[in-house]
Amino acid sequence: MARLATTSDVFNAVAEPQRRRILNLLTRGEKPVNFIATTLRYKQPQVSKHLRVLRKVGLVNVREAGQQRLYRLNGRGLKPIHDWTKGFENFWNESFDRLDEYLKKLQQPEKGK
């Protein structure tokens, strides 16, 4: 069975765990490829490939500084994920409210003992 392309959209791009680790590292600011590779213990060509995918879907921006390429997170690229997860906010809030009520009920002393 053929593997689906992971460069088609933001959701597919972030589905890959190594890309999520790269994005997480970039939340701390602009980083060069070698720093990313060393920090995450990935090979430089592997990091470059992942950054190319992330750049294509708009999750990272690149800036050239001499021979170095510096990558930074593009928060606007995460908007589709934010918008999608926003739809679940009411469900989770209601679920946690019900759980909170249930836990409070469990903590109340029983009457009649």
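Before reading further, recall that the structure is shown in the block above.
The residue count restarts for each chain, going from 1 along the sequence in the order it is written. Predicted model: local features are reported for residues with pLDDT of at least 70 only, side-chain atom pairs are reported and counted for 80 or more only, and whole-chain, interface and lining totals are derived from all residues. As a convention, hydrogens and water are excluded, and side-chain values are obtained from all of the structure's heavy atoms.

Draft legend 1. Highlighting the sheet that holds strand β1 (residues 31-32). Two strands pair under a simple rule: DSSP has to find at least two bridges between them. Helix and strand definitions here come from DSSP, where helices need a minimum of 4 consecutive H or I residues and strands a minimum of 2 consecutive E residues; each element is numbered from the N-terminal end. Within the open sheet, the three strands sit side by side as β1-β3-β2. Their pairing is antiparallel. Single-partner strands in this sheet number two, and they are β1 and β2 (60-65). As defined by bridge partners, β2 adjoins strand β3 (residues 68-73) across six bridges and the pair is classed as antiparallel. Pairing of Asn61 across the sheet is with Arg72, part of β3.

Draft legend 2. Main features of the packing of helix α2 (residues 17-26) against helix α3 (residues 33-40). Angles here are taken between N-to-C directions and fall from 0 to 180 degrees, while the axes themselves are lines fitted to C-alpha atoms, restricted in helices to the stretch in contact. It is at 11 Å that the axes of α2 and α3 come closest, and there the two elements cross at 115 degrees. Relative to α3, α2 is oriented so that their crossing is right-handed. Contacts between α2 and α3 involve Arg21, Ile22, Leu25 and Leu26 from the former and Phe35, Ile36, Thr39 and Leu40 from the latter. Each residue receives one of three labels: charged for Asp, Glu, Lys and Arg, nonpolar for Ala, Val, Leu, Ile, Met, Phe, Trp, Tyr, Cys and Pro, and polar for the others, Gly being one of them. In terms of residue class, the contact of α2 with α3 is made up of six nonpolar, one polar and one charged. Here a crossing is taken to be left-handed if its near helix is turned anticlockwise relative to the far helix by less than a right angle, and right-handed if that turn runs clockwise. Two residues form a contact once any of their heavy atoms are found within 4.5 Å.

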